[in-house]
Each structure stands twice: as C-alpha cells, then as structure tokens.
Amino acid sequence: MSSLRPLLLALALALAAVPCAQGACPASADLKHSDGTRTCAKLYDKSDPYYKNCCRGAELSLEPGADLPYLPSNWANTASSLVVAPRCELVVWSRQGKAGKTHKFSAGTYPRLEEYRRGILGNWSNAISALHCRCS
C-alpha cells in the first residue's frame, strides 16, 4: 500500500489542477436560447476558489457576431467566469476601444479567469473591457 501512496497523491494533484467544467457552469454545448437559437458566449460576474460555485451572479449573453469595443458600464472589468459555445471564439481586450492586452478564448468553460495570465503579473478576472465574439 505504501508504494501506491505516491501514485495516488500524484493523481489527486493532477485532478485538482484541471479545471472542472461541472458545477454551476453550463457545458459549452448547452449555450442555446430556449427557442434553439445559438448563443456565442456567456460572461458571469462571480467566480470562487471552488469550481462548483463559479459561473454565478449576473450574466451577460453574447450573440454570434457581438462586437463590443465598449462594454456596458456595469460589465466593464466585471467578468470573472465565462463559457464559449462550440465552434465559437471570444476575443477580449483589457482596455476600452479594443486596446491593451488581448486574449482569445476558444470553445469551452472558463470558471476562474484568475487562472489565465494577462501579462506578467495580471490575470483576466475583472479585466475585460472590450470583446468580440464570432462563430463559424
């Protein structure tokens, strides 16, 4: 049993390091309106160290082709979780007018934007000021 202990510990650490798409965040494929039309991405203003508590709070739905060089005042530098639909891409900027640092989020679930680097010392939580969402 003692020879398995290092292996089990390594497995537990590896699983803990992988963000879990479960919990409160919807699956990427579930981003659709009730009438079946497509949603490009959703931004949320709440995240948490526990993945099961992410993607909560206020929600901003983005249609395919959404181009917002200036986010609404209540959303500028507010998003801390996001989900991008399949075959879609969300490009974000750190400053209004599509200026500053930029990052591309491909299809998937991003429950904690704190885990995505913006420059040397920053991260993307509460740092999105402009965006463009496109789908193929």
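An unreviewed UniProt entry annotates the chain as Syncollin of Macaca nemestrina. The annotation that UniProt attaches to the chain under Function (unreviewed entry) is "Functions in exocytosis in pancreatic acinar cells regulating the fusion of zymogen granules with each other. May have a pore-forming activity on membranes and regulate exocytosis in other exocrine tissues."

## So, the overall build of the chain
A count of helices and strands for the chain gives 1 helix and 8 strands. Counted from the first residue to the last, the chain has its helices and strands arranged as α-β-β-β-β-β-β-β-β. Restricting the contact set of the chain to residue pairs at least 6 apart, pairs at least 24 apart contribute 67%. As presented, the chain carries roughly 7800 Å² of accessible surface, and 55% of it is formed by carbon and sulfur atoms.

## So, the side chain of His 132
Mapped onto the elements, His 132 comes out in strand S8 (residues 130-135). A polar side-chain atom of His 132 sits 3.4 Å from the main-chain carbonyl oxygen of Ala 66. If we ignore the near neighbours within four places in the chain, the residues touching His 132 are Gly 65, Ala 66, Asp 67, Glu 89, Leu 90, Val 91, Trp 93 and Lys 98.

## Observations regarding the packing of aromatic side chains
For any pair of aromatic rings, the description consists of the separation of the ring centres together with the inter-plane angle of the planes. A complete count under the given rule lists 3 aromatic pairs for this structure. Pairing Phe 105 with Tyr 116 gives two aromatic rings, centres 5.8 Å apart and planes at 75°, and the pair type is edge-to-face. Here Phe 105 is found in strand S5 (residues 99-110), whereas its partner Tyr 116 is found in the loop between S5 and strand S6 (117-118), with 11 residues between them in sequence. Taking 5.3 Å as the distance between ring centres and 70° as the angle between the ring planes, the aromatic pair formed by Tyr 110 and Tyr 116 counts as edge-to-face. Residue classification places Tyr 110 among the buried residues on the basis of a relative accessible area of 10%.

## A few points about the environment of Glu 115
Note that Glu 115 resides in the loop between S5 and S6. With 10 residues separating them in the primary sequence, Glu 115 and Ser 125 have C-alpha atoms 8.3 Å apart. A polar atom in the side chain of Glu 115 sits 2.4 Å from the side chain of Tyr 51.

## A word on the pattern of salt bridges
Once their charged atoms are close, side chains differing in charge can pair, the charge on each being opposite to the other. Tallied over the full model, the rule gives 4 salt bridges. Of the charged contacts in the structure, one is a salt bridge between Lys 98 and Asp 67, with a shortest N-O distance of 2.5 Å. Residue Lys 98 is found in the loop between strand S4 (81-95) and S5, and its partner Asp 67 is found in strand S3 (residues 67-68); the two are separated by 31 residues along the sequence. Residue Lys 98 is classed as partly exposed on the basis of its relative accessible area of 30%. Judged by its relative accessible area of 40%, Asp 67 is partly exposed.

## Some points on the nonpolar core
Counting 30 residues, the largest nonpolar core has Leu 43, Leu 62, Leu 82, Leu 90, Phe 105 and Ile 128 as its most contacted members. For this core, the secondary-structure elements that each account for two or more residues are strand S1 (41-46), strand S2 (56-62), S4, S5 and S8. With 7 residues, the single largest contributor to this core is S4. Leave out the neighbours within four places in its chain, and Leu 82 touches Lys 42, Leu 43, Tyr 44, Leu 90, Phe 105, Gly 108, Thr 109, Tyr 110, Leu 113 and Ile 128.

## Concerning the environment of Leu 68
Within the fold, Leu 68 resides in strand S3. Considering only alpha carbons, one finds Leu 68 and Cys 133, 65 residues apart in sequence, at a separation of 8.8 Å.

Definitions and limits used
Residues numbered from 1 in each chain as written. Predicted model: local features only at pLDDT ≥ 70, side-chain atom pairs only at ≥ 80, totals over all residues. Heavy atoms only, no water. UniProt positions renumbered as here; feature names shortened; annotations may be inferred. Helix = DSSP H or I, 4+ residues; strand = E, 2+ residues; numbered from the N terminus. Contact = heavy atoms within 4.5 Å. Areas by Shrake-Rupley, 256 points an atom, 1.4 Å probe, with all protein chains shown as cover. Polar contact = N/O pair within 3.5 Å; in protein donor to acceptor, adjacent residues only side chain to side chain. Phe/Tyr/Trp six-rings, centres within 6.5 Å; stacked < 30°, edge-to-face > 60°. Buried < 20%, exposed > 50% of the residue type's maximum accessible area, 1.4 Å probe, protein only. Salt bridge = Lys/Arg side-chain N within 4 Å of Asp/Glu carboxyl O. Core = buried A, V, L, I, M, F, W, Y, C linked by side-chain atoms within 4.5 Å.

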